[in-house]
Amino acid sequence: MALLKIDNLVVHYGKINALKGVSLEIDEGSIVTLIGANGAGKTTLLNTLSGVIKSTEGKIYFKGEDITDYHSDHIVRMGLSHVPEGRKIFSELTVEENLIVGAYILNDKTRIKSNIERVYALFPLLKERRKQIGGTLSGGEQQMLAIARGLMSDPDILFLDEPSLGLAPLIIESIFNFIKEINKQGKTVFLVEQNAYMALRIANYGYVLETGKVFVEGTTEKLMNNDQVRKAYLGIV
């Protein structure tokens, strides 16, 4: 059984039909990527899964439970964590204060401390910067902090929305290496990305979203060999 299953999800913004019957599945322990152009509906999908936006039709199942109408805080407590596009760290708080905010659903100080040490082991640079104000970090460091903050609730699945956005190529490589390591440590990852090549390189399975609908899906090997995907998203003719 899939860890997360989306069945015929429809979302409207007023009269605009943003998602037009999206269905997909994410197996436990996998990295699944969703690629597509700007405006395809990728962020809308993540916001709907996180309870920020309510769907018009369709169902969302997590661990077999229907979570379609659950509020965001309940969804986080169930084990889903969303790292939003644009990082959105708390720029006036220190690195460590940002991490503590990410653990807001936890009441056990010992567990919070353990989670902080775990993310510091994954991102040693953040440990060096733990007393530094978040807004003074570089773009790549802020992205590390955003991902680390998302891990602080110890989720079963991590949603990553455009983690490569606005970063230099070398930093992007590092971020994707961190994503692979997070997955190796047992976290399921749902990766939404415009950088199709990097996303398909690390994922197990992928979906291509075009104007609110899944255009094609398959193993990443299949997608990288699909002529339409190669031409439209990989720049290969």
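Reading the values: the criteria
Residues numbered from 1 in each chain as written. Predicted model: local features only at pLDDT ≥ 70, side-chain atom pairs only at ≥ 80, totals over all residues. Heavy atoms only, no water. Core = buried A, V, L, I, M, F, W, Y, C linked by side-chain atoms within 4.5 Å. Buried < 20%, exposed > 50% of the residue type's maximum accessible area, 1.4 Å probe, protein only. Contact = heavy atoms within 4.5 Å. Pairing = 2+ DSSP bridges. Helix = DSSP H or I, 4+ residues; strand = E, 2+ residues; numbered from the N terminus. Axes fitted to C-alpha atoms, helices over the stretch in contact; angles between N-to-C directions. Salt bridge = Lys/Arg side-chain N within 4 Å of Asp/Glu carboxyl O. Parallel < 35°, antiparallel > 145°, perpendicular 65-115°, else oblique. Left-handed = near helix turned anticlockwise from the far one by under 90°. Nonpolar A, V, L, I, M, F, W, Y, C, P; charged D, E, K, R; others polar. Expected span 1.5 Å × (residues − 1). pLDDT = per-residue confidence, 0-100. Phe/Tyr/Trp six-rings, centres within 6.5 Å; stacked < 30°, edge-to-face > 60°.

**Describing the nonpolar core**
- The biggest cluster of nonpolar side chains holds 47 residues, and the ones touching the most others in it are Phe123, Ile147 and Ile179.
- Not counting residues up to four positions away in its chain, the partners in contact with phenylalanine 123 are Met144, Ile147, Ala148, Leu151 and Phe178.
- In terms of nonpolar packing, the next biggest core, distinct from the first, is built from 28 residues, Leu4, Leu24, Phe62 and Leu209 among them.

**Describing the sheet that holds strand β5 (residues 65-66)**
- As summarised here, the arrangement of the 4 strands in space is β2-β1-β4-β5, forming an open sheet in which the pairing is antiparallel. The sheet is open, and its two borders are formed by β2 (16-26) and β5, each paired with just one other strand.
- Note: strand β1 (residues 4-13) against strand β4 (residues 57-62), 5 bridges, orientation antiparallel. Following the sheet pairing, isoleucine 6 is matched in β4 by isoleucine 60.
- Along the sheet face, helix α1 (residues 42-49) touches β1, β2 and β4 and points at about 115° away from the line of β1.

**Describing the side chain of asparagine 98**
- Its place among the elements puts asparagine 98 in helix α3 (residues 95-102).
- Excluding residues that lie within four positions of it along the chain, asparagine 98 makes contacts with Ile89, Phe90, Leu93, Leu145 and Arg149.

**Focus: the pattern of salt bridges**
- All chains considered together, the criterion is met by 9 salt bridges.
- For aspartate 156, the salt bridge is made with lysine 63, and the minimal N-O distance between the two is 2.7 Å. One end of the pair, aspartate 156, is in the loop between α6 (139-151) and β7 (157-161); the other, lysine 63, is in the loop between β4 and β5, and 93 residues separate them in sequence.
- Between glutamate 117 and lysine 127 there is a salt bridge; the shortest N-O distance is 3.8 Å. Remark: lysine 127 occurs in helix α5 (residues 124-128) and glutamate 117 occurs in helix α4 (residues 109-122); sequence separation between them is 10 residues.
- Of the residues examined, glutamate 117 reaches a relative accessible area of 38% and is grouped as partly exposed.
- Classification of lysine 127 by relative accessible area gives partly exposed; the value is 37%.
- Each of Arg111, Asp154 and Lys187 takes part in salt bridges that share partners, so that together they form one network.

**Let's talk about the packing of α6 against helix α7 (residues 169-184)**
- α7 packs onto α6 with a crossing angle of 15° between their chain directions and a minimal axis gap of 10 Å. The orientation of α6 relative to α7 falls into the category roughly parallel. Read as a crossing pair, α6 and α7 show a hand that is right-handed. Residues Gly140, Gln143, Met144, Ile147 and Leu151 of α6 form the contact with α7, whose participating residues are Ile171, Ile175, Phe178 and Ile182.
- Of the residues belonging to the contact of α6 with α7, the class tally is 7 nonpolar, 2 polar and no charged.

**What about the pairing of β4?**
- Taken together, the 2 bridges between β4 and β5 define a ladder with antiparallel strand orientation. Within β5, the residue paired with tyrosine 61 across the bridge is aspartate 66.
- A loop of 2 residues connects β4 with β5, the two strands running antiparallel in sequence, and lysine 63 in this loop sits at a positive phi of about 55°.

**Some words on α6**
- Its 13 residues place the ends of α6 19 Å apart at the C-alpha level, agreeing with the 18 Å of an ideal helix rising 1.5 Å per residue.
- The element α6 is largely enclosed, with a buried count of 12 among its 13 residues.
- Considered for burial, the residues of α6 that qualify are Gly140, Glu141, Gln142, Gln143, Met144, Leu145, Ala146, Ile147, Ala148, Arg149, Gly150 and Leu151.
- Looking at the buried side of α6, the elements it contacts are β6 (80-83), α3, α4, α5, β7 and α7.

**Considerations on the confidence of the model for the chain**
- On average, the chain scores 95 in pLDDT, and the residues at 70 or more come to 100%.
- Within the chain, the element-level pLDDT minimum falls on helix α10 (residues 227-233), averaging 92, and the maximum on β4, averaging 98.

**Quick look at the packing of aromatic side chains**
- Per the stated rule, a full pass over the model turns up 3 aromatic pairs.
- With 4.5 Å between their ring centres and 50° between their planes, phenylalanine 123 and phenylalanine 178 make a pair best called tilted. One end of the pair, phenylalanine 123, is in the loop between α4 and α5; the other, phenylalanine 178, is in helix α7, with 55 residues separating them in the sequence. A single burial state applies to phenylalanine 123 and to phenylalanine 178, both of which are buried.
- When the ring of phenylalanine 159 is compared with that of phenylalanine 190, the centres are 6.0 Å apart and the planes differ by 80°; the resulting orientation is edge-to-face. Linking phenylalanine 159 in strand β7 with phenylalanine 190 in strand β8 (residues 188-193), this pair joins segments that are 31 residues apart in sequence.
- For phenylalanine 159, a relative accessible area of 0% gives the class buried.

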